[in-house]
Amino acid sequence: MASPTAKAKYFCAAGEVLLAVLAAVSLLVGKYPLSLEKLIAGDALQRRVFWTLRCSRTIVGVAGGFALGTAGFVFQTVFRNPLASPDIIGISSGASAGAAAGILFLSGAAAVTASAFAGALLAVILALALSGLDKSGRNSTIVLAGIAVHSLAQTALMCLKLTADPERQLASIEYWIMGSLSGISIHSIGGNLLLCAVCLAVLFALHRQAILLSAEEGEARMLGVNVGRLRLVVLLIATLVVSGVVSLTGLISFVGLLAPHGARLLTKDNRMGTMLLSGLLGGCLLCGADILARSVAAAELPVSIFTSLLGAPFLIFLLFRERRGL
Amino acid sequence: MSFFSAQGISAGYGGNNIIKDISFTVEAGCLTGILGANGSGKTTLLKAVCGILPHSGACTLDGKKLEALSPRELARHCGYIPQRSGISIDISALDVVLMGFNPRLGLLEHPNSAMQSAARAALGQVGLAGMENTNYLHLSEGQKQLCILARTLAAGSSLLLLDEPESALDFQFRHRTLETLRGWLSEGERCGIVTLHDPTLALNFCDELLLLSGGVLTGCIRPGEDPLDKMKAMLETIYGNLSLLRCRSRSGQARLLMLKE
């Protein structure tokens, strides 16, 4: 039998190849089909579409999916809960409320992105601050605080929707919540990508610490871990990653939940290789979903439909493979 | 001055003290057992000593006050084996043992090759050789317990706290665990405190037994020195009527045997 690390390497290599293929397809497929020959020949329109639309879209698909998958791995490990996701501490509802406020009161895509980012961060900081009031520092306290903040943000979102103009604003809020990679301009992604890259690097460096946090609290303490402080730092960094992505794309369901599960079912461990594989699978999932979102129907569809549609069967397949020991 | 001393320890949950004003000492190289009925505060006492539970009173190990140490320093001196480890993710047995080196590693450092081989050796020491790559979650409860023991032994602390290490182990492994522990104690300046369910095991492997009842210390037994009658009378306060016998194993070693009347 291959050693666990060798197996993880094999899966990661396969994931990288798949991701590269999907990225190439993503660059060429869409409402305006591109062809390699025309691009190389220097067709002006083709080049413009390539540089202004497809490039940014593909980059966000690959990098955003990678970021969501990796952050999902960290959340599940730190919360010791396979169903944990960024939603658990209020990121998505905070980001939605922020985006809605941006759509109502500010103008321009960049302003909405900034507003969504601020909303997500505000929600998480509020949840973590609330949980800090309980000195015992239990995981369940953070989850409860997250639920409280989530409901607060949902209420704020409802109020914002009530005041929204139903024709335009309400539609854009709903559309934002469903998530999409369309309309992301190459000029507006730099800051978010840089933030995600830095935070992801830190998360990978802290991988061993995240694993220590997966032990029971007293146990982790007796392994020399300053549980409260380390958990706060890791969660905040993972939050920054997710906020960086969803503020650009809107809510994307399932990637952060599914990619780490898929990775773990393949490698059967939680080493660094599995964390990397979570990211790669996340990238494949989001990139693949985005390709479908813009090619199956005449109109652009929300990407979350396809992340779930692609993700759920994949998860079911992996579970059955596990059961039958194939 | 004793190697380890606890002075006036009181602790509990939510403001109610479960253990009250407990003081005892442990000499270097010695294993102290804590006996008591369920709910008498055995686990609470261990958790208070290793600082997981807030408590009043003071613990001193080799001249250092444990309460004053940072979590990292405390973990370097003091190892704790809970009744059940809370590890719930897929992780290899070797990686579980390697967790024990965390107090000696920087935030971003990884265990070096010397630590890797020490971890393998520790797994061998507890009888889990060849299971390095086995998923910890697939081990039996007893093997999990042994794996955590290996982690604590490898970490090189000088005070070991074990909470019912024998509870999930079958007969053979119980003895093996306690023999491993005695071997570890004889290797340097260290001591151990262990709560045990099985009084016979405690009488034969511990240098001193503390009897805990309703959260207070009610007595202290030295199985090697105390007269049989005195020990019997004290044990009966916890376990009711019983017979205590001295006997010899086939190889001639003195043993104590406790039977319920």
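Source: prediction; values computed, not measured.

### What to know about the interface of chain B and chain A
When the parts come together, some accessible area is lost, and that loss is often what is quoted as the size of the interface.
Okay, so step 1: On the side of chain A, 25 residues touch chain B, which itself brings 33 residues to the contact.
Okay, so step 2: When the two sides are added together, the surface that chain B and chain A hide from each other amounts to roughly 2400 Å², 57% of it contributed by carbon and sulfur.
Okay, so step 3: Our count for the chain B to chain A interface comes out at 2 salt bridges.
Okay, so step 4: Linking B:Arg151 and A:Glu219 is a salt bridge whose minimum nitrogen-to-oxygen distance equals 2.7 Å.
Okay, so step 5: At the surface where chain B touches chain A, the tally comes to 12 residue pairs in polar contact (both at pLDDT 80 or more).
Okay, so step 6: Broken down by secondary-structure element, the contributors of at least two residues to the side of chain B that touches chain A are α2 (71-77), β6 (78-81), α3 (93-99) and α5 (141-155) of chain B.

### Thoughts on the packing of helix α3 (residues 44-78) of chain A against helix α8 (residues 190-205) of chain A
Residues and elements named next belong to chain A.
Okay, so step 1: Where α3 contacts α8, the axes come no closer than 11 Å and their chain directions differ by 35°. Handedness of the α3/α8 crossing: left-handed. Mapping the contact onto sequence places Ile59, Ala63, Phe66, Ala67, Thr70 and Val74 in α3 and Leu193, Leu200, Leu203 and Phe204 in α8.
Okay, so step 2: Per-class residue counts for the contact of α3 with α8 are 9 nonpolar, 1 polar and no charged.

### Some remarks on the packing of aromatic side chains
Geometry of an aromatic ring pair is reported as the spacing of the ring centres plus the angle between the planes.
Residues and elements named next belong to chain B.
Okay, so step 1: Inspection of every chain in the model, using the stated rule, returns 5 aromatic pairs over all chains.
Okay, so step 2: Pairing phenylalanine 4 with phenylalanine 24 gives two aromatic rings, centres 5.9 Å apart and planes at 50°, and the pair type is tilted. Remark: phenylalanine 24 occurs in strand β2 (residues 16-26) and phenylalanine 4 occurs in strand β1 (residues 4-13); sequence separation between them is 20 residues.
Okay, so step 3: The exposure class assigned to phenylalanine 24 is buried, which follows from its relative accessible area of 7%.

### A word on helix α11 (residues 227-249) of chain A
All names here are of chain A.
Okay, so step 1: In this model, α11 (23 residues) spans 33 Å end to end at C-alpha, consistent with the 33 Å of a helix rising 1.5 Å per residue.
Okay, so step 2: Burial analysis of α11 places 17 of its 23 residues in the buried class, which makes it a mostly covered element.
Okay, so step 3: Where α11 ends, the next residue or the one after it, glycine 250, has phi of about 85°, a positive value.

### Considerations on the environment of A:Ala145
Residue and element names in this part refer to chain A.
Okay, so step 1: By the secondary structure assignment, alanine 145 is in helix α6 (residues 139-163).
Okay, so step 2: Spatially, the C-alpha atom of alanine 145 lies 8.7 Å from that of alanine 129, the residues being 16 residues apart in sequence.
Okay, so step 3: Non-local contacts of alanine 145, meaning those with residues more than four positions away in its chain, are made with Ala127, Leu130 and Ser131.

### Regarding a nonpolar patch on the surface
Okay, so step 1: Judged by side-chain polarity, A:Leu126, A:Leu130, A:Leu133 and A:Leu152 come together as a nonpolar surface patch covering roughly 390 Å² of accessible area.
Okay, so step 2: Note on A:Leu152: relative accessible area 54%, which makes it exposed.

Each value, and the rule that gives it
- Residues numbered from 1 in each chain as written.
- Chains lettered and ligands numbered in written order.
- Predicted model: local features only at pLDDT ≥ 70, side-chain atom pairs only at ≥ 80, totals over all residues.
- Heavy atoms only, no water.
- Contact = heavy atoms within 4.5 Å.
- Buried area = accessible area lost by both parts, 1.4 Å probe.
- Salt bridge = Lys/Arg side-chain N within 4 Å of Asp/Glu carboxyl O.
- Polar contact = N/O pair within 3.5 Å; in protein donor to acceptor, adjacent residues only side chain to side chain.
- Helix = DSSP H or I, 4+ residues; strand = E, 2+ residues; numbered from the N terminus.
- Axes fitted to C-alpha atoms, helices over the stretch in contact; angles between N-to-C directions.
- Left-handed = near helix turned anticlockwise from the far one by under 90°.
- Nonpolar A, V, L, I, M, F, W, Y, C, P; charged D, E, K, R; others polar.
- Phe/Tyr/Trp six-rings, centres within 6.5 Å; stacked < 30°, edge-to-face > 60°.
- Buried < 20%, exposed > 50% of the residue type's maximum accessible area, 1.4 Å probe, protein only.
- Expected span 1.5 Å × (residues − 1).
- Patch = residues over 30% accessible without salt bridge, like charges linked within 9 Å, V, L, I, M, F, W, Y side chains within 5 Å.
- Areas by Shrake-Rupley, 256 points an atom, 1.4 Å probe, with all protein chains shown as cover.

So yeah, pure geometry; function would need other evidence.
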